[in-house]
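Each chain is listed here by its residues.
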Amino acid sequence: MGKSGKFALGCALAALAITQVAAQTVPDFAPVTDAEIQQPDPSDWLSWRRTLDSWGYSPLDQIDTSNVQNLRLVWAMPLNSGHQEGTPLVRDGIMYFPGPADTIHAIDAKSGQLIWRHARDLPEDIGNYLPVYDTTRNVALYGNLVIGNSADNYLYALDARTGELAWETQILDYRQGAKQSSGPIIANGLAITGRSCEPEGGPAACVIVAHNAQTGEEVWRTPIIAQGSDPNDATWGDVPLADRQQVGAWMIPSFDPELGLVYMGTSVSAPTPKIRLAGNDETYLYHNSTLALDVETGEIVWHYQHLVDQWDMDHTFPRMLIDQQVAPDPADVEWMAPDIEPGRTYRTLSGVPGKTGVIYTLDRETGKFLWARPTLQQNLVGHIDGATGRVTVNPETIPTEYGESITICPAPTGGANYYAPAYSPLTQTMYFPLTNTCAEMSSLDPADGDTGVYGIATRAYANPEAGGMIGAIHAVNAVTGRSEWTYRQRAGTQSLLTTGGGLLFAGDAEGFVLAMDQRSGEVLWSMNVGSSVTGYPATFAVDGQQYVAFSTGFWLSDNFTPEILHGRQNTLFVFALPEASIGHRGPERAQVNPAGAMGSADAPPPGGNIGGFSRAASSGVFSAAQAEAGLAVYQRACAACHGPDLQGAGGVAPIRGAAFMSRWRGRSVAELFAYTREAMPMGAPGSLSDPDYLAVTAYMLEQNGFPAGETALDPDEALLAAIGID
């Protein structure tokens, strides 16, 4: 079946974003246990990749290769603005979805009806300290809690029933260089988290941390940069501790409850060229490594380094835990251990952990190297010693002087990246979404001035040997390492999901969601949802019906395919077979009519009556400068819908004149400010700063005849609540 079914949402869907539901609760929520997280009910999706082995596999098989062509859209929900890479978690028919900037939604998974929404109040200056701070990939469920890892460096928990904050624990100061884009997994009652670390945070920001998942109390904290009494401190040569930077763990770990080991991948150091540090002969542990940590203590039990990295080729991506025989086929597998025992079932750790696109399979009990092979064209890994597992970097890719031009494949955007692979026990096959790129690289001379965090120059381009096919999905047998099939296309491919129905679900940068046959790679169904598929897919069941969820947003690598046009809307989509009660309305909701709110069922007081307020808006409560600033904000963010004269059009309400006054007379300025902040701009509520919202509030008051005074509106909500609109 070819790509078809273009699905346009546009402004109609974006307009729904102003509707928010509050004060609803999740009834009869059953606390989530460790046993359920480690072996979840097939109907649920309780962790990032459903199970802690990071397979991305569900045994659900109602939707299968024989009927997937009948999939239909069941519901869609617009999400708040920002960098969207969320993962739906589902418990007993309730979906918990993390939108950008620590915005968590509780949703009736059958109907798409919002139950509650919690938006964390992040510091206004956070963007001054952390780049792309608003990515929120996942949350975790434990007990009665939804647990998140916030952009401002807290671990926090919400009551899963109400969305109310239960506790929060500060991990680091966001102004000192740690960014948390991924949430926790739950391992034996502990919430385990990693983070990326900016240079200003130094080695103290580069940590993996465990907290008690019920109380938020910190249990252990493990440095990723070898230091002090760590026997690998010497791998940094003469680099002072303060200059050991940037080695983060910014994705989500795997966990083996029988071995009691947490497996986490790490990133590059900064600056990346080792001629900027102690030279090319050192290994700088534990960058670009797999770490196996004792879940109880955080101690590093073993480590394996995949690459001494010169070019930002992070190795932070999923490690799949598979119990299997190991029989690598020399025809496909380039490097293997000489002493693999035929017929033995190994506890392996496998997958493409890094941007090089190389598969590594290790014994996860000991860290022993078993086999490795590329999945796409790469020239960074030159050789791997089968006996020791030691990786030798291709010397042609190692800079020895500043300004030297070096070609690498893949580019630092990665042959693999944050998009997740999947494994199917039905085929014993791993499926990898890949990107075919190369780059011209050079190391920048610090004597020339500011060279940036990484100290490198990059010119990435599509790999010319790929024939213009940027995206690929490569199926590799986990036992033999043989290539089963490869699917290639122009658009970049995104995260994958396998099911008991023999299906592989995928998304791409053009906006297509696809269902493929696991065994052949044939595309059986596809649909264009209008924007790049950027989140992690999930499947679940409610009332005996199976559903599949995808989410969209903004893809960062559009420059490789400029002719592909798509939206960048953040939207959550759920699909099912026609039997799944498409159009289900969801549970009945209690009415919420906050006193004085716009659209309230409560009758407003008679015109002119502002009893109970200590100030009247007519007395001059904002400054002329604040209103003038509000005009600039209005022109930038509001005029497209409400018009240059504030009179609205096409169903958009006027915000000047009799219509405005009939709605707001007798209410407080605090209510006007809160409504504007929570509902506007349409499609991106809350995307402006509080000073901008205050300024546009002042501008609306001015345009409705209220005079300016000497002082500006104060952001203190109590002061705003004391001002009545008369």
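The structure contained in this document is the topic of the report that follows. Please read all numbers here as calculations on a predicted model, not as lab measurements.

Cut-offs and rules
- In this numbering scheme, every chain counts its residues from 1 along its sequence in written order.
- Confidence filtering applies because this is a predicted model: local features only for residues at pLDDT of at least 70, side-chain atom pairs given and counted only at 80 or more, and all residues used for totals across whole chains, interfaces and linings.
- The side-chain quantities take in all heavy atoms of the structure and omit both hydrogens and water.
- The pairing criterion is simple: DSSP has to find at least two bridges between the two strands.
- Numbering goes from the N terminus for both helices and strands, where a helix is a DSSP run of H or I of at least four residues and a strand is a run of E of at least two.
- Residues belong to a common nonpolar core when they are buried Ala, Val, Leu, Ile, Met, Phe, Trp, Tyr or Cys residues joined through side-chain atoms within 4.5 Å.
- A simple rule labels every residue: compare its accessible area, found with a 1.4 Å probe on the protein chains alone, to the largest value its type can have, and call it buried under 20%, exposed over 50%, or partly exposed in between.
- Residue contacts follow a heavy-atom distance rule, with two residues in contact if any of their heavy atoms lie within 4.5 Å.
- For every element, the axis is a line fit to its C-alpha atoms; helices are fit only across the contacting stretch, and the angle between N-to-C directions ranges from 0 to 180 degrees.
- By the definition adopted for this analysis, an angle is roughly parallel if under 35 degrees, roughly antiparallel if over 145, roughly perpendicular if from 65 to 115, and oblique otherwise.
- Put simply, a crossing is left-handed when the front helix is turned counterclockwise from the back one by less than a right angle, and right-handed when it is turned clockwise.
- Residues are grouped as follows: nonpolar covers Ala, Val, Leu, Ile, Met, Phe, Trp, Tyr, Cys and Pro; charged covers Asp, Glu, Lys and Arg; every other residue, Gly included, is treated as polar.
- Any pair of N or O atoms that falls within 3.5 Å is considered a polar contact. Within protein, one atom must be able to donate a hydrogen and the other to accept it, and sequence-neighbouring residues count only if both atoms are side-chain atoms.
- The term salt bridge refers to a side-chain nitrogen of Lys or Arg lying within 4 Å of a carboxyl oxygen of Asp or Glu.
- Here, the term disulfide refers to a pair of cysteine sulfur atoms separated by no more than 2.5 Å.
- Multiplying one less than the number of residues by 1.5 Å gives the expected span of a helix.
- Working note: the arc is built from the helix axis to C-beta atom directions.

Some remarks on the sheet that holds strand 1 (residues 57-58)
Thinking step 1. Reading across from one edge, 1-35-36-37-38 is the order of the 5 strands in this open sheet, with mixed pairing throughout. Looking at strand neighbours, the two that pair on one side only are strand 1 and strand 38 (523-528), the edges of this open sheet.
Thinking step 2. The pairing of strand 35 (residues 493-499) with strand 36 (residues 503-508) spans 4 bridges and is classified as antiparallel. Following the sheet pairing, Thr-498 is matched in strand 36 by Leu-504.

Here we look at the nonpolar core
Thinking step 1. The biggest cluster of nonpolar side chains holds 114 residues, and the ones touching the most others in it are Tyr-96 and Phe-505.
Thinking step 2. Here Tyr-96 is in contact with Val-26, Phe-29, Thr-87, Pro-88, Leu-89, His-105, Ala-106, Trp-116, Leu-141, Val-146 and Ala-160, once residues within four sequence places are set aside.
Thinking step 3. Counting residues in each nonpolar core, the second largest holds 30 residues, with Val-633, Ile-655, Tyr-693 and Tyr-699 among its members.

Some remarks on the packing of helix 6 (residues 669-679) against helix 7 (residues 690-703)
Thinking step 1. One way to put it is that helix 6 packs onto helix 7 with a least axis distance of 10 Å and a crossing angle of 120°. Taken together, the axes of helix 6 and helix 7 lie oblique to each other. For the pair helix 6 and helix 7, the sense of crossing is right-handed. Of the residues in helix 7, those in contact with Val-669, Leu-672, Phe-673, Thr-676 and Arg-677 of helix 6 are Asp-690, Tyr-693, Leu-694, Val-696, Thr-697, Met-700 and Leu-701.
Thinking step 2. For the contact of helix 6 with helix 7, the class distribution of residues is 8 nonpolar, 2 polar and 2 charged.

Considering the environment of Thr-429
Thinking step 1. Here Thr-429 lies in strand 30 (residues 429-435).
Thinking step 2. When the C-alpha positions of Thr-429 and Ser-483 are compared, they lie 9.2 Å apart, and in sequence the two are 54 residues distant.
Thinking step 3. The residues touching Thr-429, leaving out its near neighbours within four places in the chain, are Ala-422, Tyr-423, Ser-424, Ala-475, Val-476, Asn-477, Ala-478 and Glu-484.
Thinking step 4. One polar contact links the side chain of Thr-429 to the main-chain carbonyl oxygen of Thr-427, over a distance of 2.9 Å.

Some details on the pattern of salt bridges
Thinking step 1. Inspection of every chain in the model, using the stated rule, returns 24 salt bridges.
Thinking step 2. Arg-175 is paired through a salt bridge with Asp-173; the nearest N and O atoms lie 3.0 Å apart.
Thinking step 3. Residue Arg-175 is classed as partly exposed on the basis of its relative accessible area of 43%.
Thinking step 4. Between Asp-690 and Arg-677 there is a salt bridge, and its shortest N-O distance comes to 3.2 Å. Within this pair, whereas Asp-690 is found in helix 7, its partner Arg-677 is found in helix 6, the two being separated by 13 residues in sequence.
Thinking step 5. Of the residues examined, Asp-690 reaches a relative accessible area of 24% and is grouped as partly exposed.
Thinking step 6. Salt bridges linked by common partners bring Glu-36, Asp-44, Arg-91 and Asp-92 together as one network.

Regarding the state of the cysteines
Thinking step 1. Summed over the entire model, instances satisfying the criterion amount to 2 disulfides.
Thinking step 2. Paired through a disulfide, Cys-197 and Cys-206 show a sulfur-sulfur distance of 2.1 Å. Taking the torsion about the S-S bond as the criterion, the Cys-197 to Cys-206 disulfide, at about 105°, is right-handed.
Thinking step 3. The class for Cys-197 is buried, based on a relative accessible area of 0%.
Thinking step 4. One disulfide in the model links Cys-409 with Cys-438; its S-S distance is 2.0 Å. With the S-S dihedral at roughly 105°, the linkage between Cys-409 and Cys-438 falls on the right-handed side.

Considerations on the pairing of strand 16 (residues 218-223)
Both faces of the sheet carry side chains from a regular strand, because those side chains alternate between them.
Thinking step 1. Inspection of the sheet shows strand 15 (residues 207-212) paired to strand 16 by 5 bridges, in the antiparallel sense. Counted as the bridge partner of His-211 is Glu-218 from strand 16.
Thinking step 2. With antiparallel pairing between neighbouring strands as the criterion, strand 15 and strand 16 make up a hairpin whose turn holds 5 residues, including Gly-216 at a positive phi of roughly 85°.

Side note on helix 3 (residues 624-637)
Think of an α-helix as 3.6 residues a turn; residues three or four steps apart then line up on the same face.
Thinking step 1. For helix 3, which comprises 14 residues, the first-to-last C-alpha distance of 20 Å matches the rise-based estimate of 20 Å (1.5 Å per residue) to within 8%.
Thinking step 2. Listed in full, the buried residues belonging to helix 3 are Gln-626, Ala-627, Gly-630, Val-633 and Tyr-634. The arc enclosing the buried residues of helix 3, seen along the axis, measures out at 110°, which places them on a common side. The exposed residues of helix 3 that point more than 90 degrees off its buried face are Ala-625, Glu-628, Gln-635 and Arg-636.
Thinking step 3. Turning to helix 3, the residues buried within the fold contact helix 4 (639-642) and helix 7.

Looking at the environment of Ile-300
Thinking step 1. Looking at the element boundaries, Ile-300 is found in strand 20 (residues 300-305).
Thinking step 2. As for Ile-300 and Thr-222, which are separated by 78 residues in sequence, their C-alpha atoms are 8.1 Å apart.
Thinking step 3. Setting aside anything within four residues of it in sequence, one finds Ile-300 in contact with Thr-222, Pro-223, Tyr-286, Leu-291, Ala-292 and Leu-293.

Some words on the sheet that holds strand 4 (residues 94-99)
Two orientations exist for strands paired in a sheet by backbone hydrogen bonds: parallel and antiparallel.
Thinking step 1. On the basis of which strands lie adjacent, the open sheet formed by 4 strands has the order 3-4-5-6 and antiparallel pairing. The open sheet has two edge strands with one neighbour each: strand 3 (89-91) and strand 6 (113-119). In this sheet, adjacent strand axes meet at a mean angle of 20° when their direction is disregarded.
Thinking step 2. Sheet topology note: the strand 3/strand 4 ladder contains 3 bridges and is antiparallel. Across the sheet, Val-90 pairs through a bridge with Met-95, a residue of strand 4.

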